[in-house]
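Chain and residue survey
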Amino acid sequence: MEDTFGNFKEANANIKIQILDQIPTMVMAVDRELRITYMNYAGQKLVNRKWEDILGKKCCDVWSSLHCNTSECNMYKSIESGKMCSARNEMTIGDFKKPFEYYSVPLRDEEDNIIGGLEFVIDITERMQYEERLKEQSQTIREMSTPTIELWDGVLVLPVVGVVDSMRAQHMMDSMLNKIAETYSKVIIMDIQGVAAVDTAVANHLIKITKATKLMGCECILSGITPAVAQTIIQLGINMDTVKTKSTLSDALAEAFKILNLEVKNKER
């Protein structure tokens, strides 16, 4: 009976190993000294080494990663804490670097003693490339949505259309300040005719932007305030006394010319 039970346990263990070998991502087990006791086929293929060259070696000797031999190692933290840990990391195999996400859990014996750790490694190269493309697209959209244009020598204009949140306000400020430093402009017109609604948060963003431009030695004029927006500002009790405002872009441009001591005349025929 005991032989039958022993054979069953051995067969069951072999089935589990076969299942792990079918998983298309690295699965690795180590002892408390971080020596490798198991690695599935996907892991062996990833590190490009045979099982005989892996067994008994420390994982940091099979590949190098940013967390190897540091307190950031997930496997070390799982063994010490008895909890699951996860993080992003980067491994170096030969001349190649691979970004990956890995999850570590403590490995326990039948008496619930921690005897090592089990780690699952997921190659996230494609995901990182996709995230990078999304960042680039998002950056392009932000730049297109907040274009600071040199309208006249010494005069910039920033047409604002749509919703102004904290992230966009920060990008607007960065764009304006960089353009001021680049062109040495003395006046910038922020036209908000395309902003449908203004609340306290939006108004505060606009006030902060005007203050930042003044610190750069540039006067900021707010134009395009619609009747609805004007009423909202009054109803909310927002103090706009420190902000120079004009109803239209043409009025703001005329004010910019006054600040620069410029005069526009009709050409005589």
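In case you missed it, the structure is sitting above this.
My aim in this report is to walk through the structure given alongside it, one point at a time. Nothing here was measured: the structure is a model prediction, and the numbers come from that model.

A cluster of nonpolar side chains, Leu 151, Trp 152 and Leu 262, forms an exposed patch at the surface whose accessible area comes to about 270 Å². Topologically, Leu 262 is positioned in the segment after helix H9 (249-259). By relative accessible area, which is 39% here, Leu 262 ends up partly exposed.

Taken in spatial order, the six strands line up as S2-S1-S6-S5-S4-S3 in an open sheet, and their pairing is antiparallel. The sheet is open, and its two borders are formed by strand S2 (36-39) and strand S3 (64-65), each paired with just one other strand. Pairing between strand S1 (residues 26-31) and S2: three bridges, direction antiparallel. Each bridged residue has a counterpart across the sheet, and for Ala 29 the counterpart in S2 is Tyr 38.

What follows is about the environment of Gly 224. With respect to the helices and strands, the residue Gly 224 is situated in the loop between strand S10 (219-223) and helix H8 (227-236). Taking the relative accessible area as the measure of exposure, Gly 224 reaches 4% and is therefore buried. Note: C-alpha distance between Gly 224 and Met 190 (34 residues apart in sequence) is 8.4 Å. Apart from residues lying up to four places away in sequence, Gly 224 is in contact with Asp 191, Ile 192, Gln 193, Lys 246, Ser 247 and Thr 248.

Our next topic: the state of the cysteines. Following the criterion strictly, the structure yields zero disulfides and no others. Here Cys 85 is not cross-linked by a disulfide; its sulfur's nearest cysteine counterpart is in Cys 73, at 9.2 Å. The buried category is assigned to Cys 85, whose relative accessible area is 14%. Cys 218 forms no disulfide, and the closest cysteine sulfur to it belongs to Cys 220, at a distance of 7.3 Å. The buried category is assigned to Cys 218, whose relative accessible area is 1%.

With that settled, consider helix H6 (residues 166-183). With 18 residues, H6 should cover 26 Å at 1.5 Å per step; its first-to-last C-alpha distance of 26 Å lies within 8% of that length. Of all the positions in H6, only Arg 168, Ala 169, His 171, Met 172, Met 173, Ser 175, Met 176, Ile 180 and Thr 183 are classed as buried. Positive phi appears at Tyr 184, one or two residues downstream of H6, with a value of about 55°.

Calculation rules
- Residues numbered from 1 in each chain as written.
- Predicted model: local features only at pLDDT ≥ 70, side-chain atom pairs only at ≥ 80, totals over all residues.
- Heavy atoms only, no water.
- Patch = residues over 30% accessible without salt bridge, like charges linked within 9 Å, V, L, I, M, F, W, Y side chains within 5 Å.
- Areas by Shrake-Rupley, 256 points an atom, 1.4 Å probe, with all protein chains shown as cover.
- Salt bridge = Lys/Arg side-chain N within 4 Å of Asp/Glu carboxyl O.
- Helix = DSSP H or I, 4+ residues; strand = E, 2+ residues; numbered from the N terminus.
- Buried < 20%, exposed > 50% of the residue type's maximum accessible area, 1.4 Å probe, protein only.
- Pairing = 2+ DSSP bridges.
- Contact = heavy atoms within 4.5 Å.
- Disulfide = S-S within 2.5 Å.
- Expected span 1.5 Å × (residues − 1).

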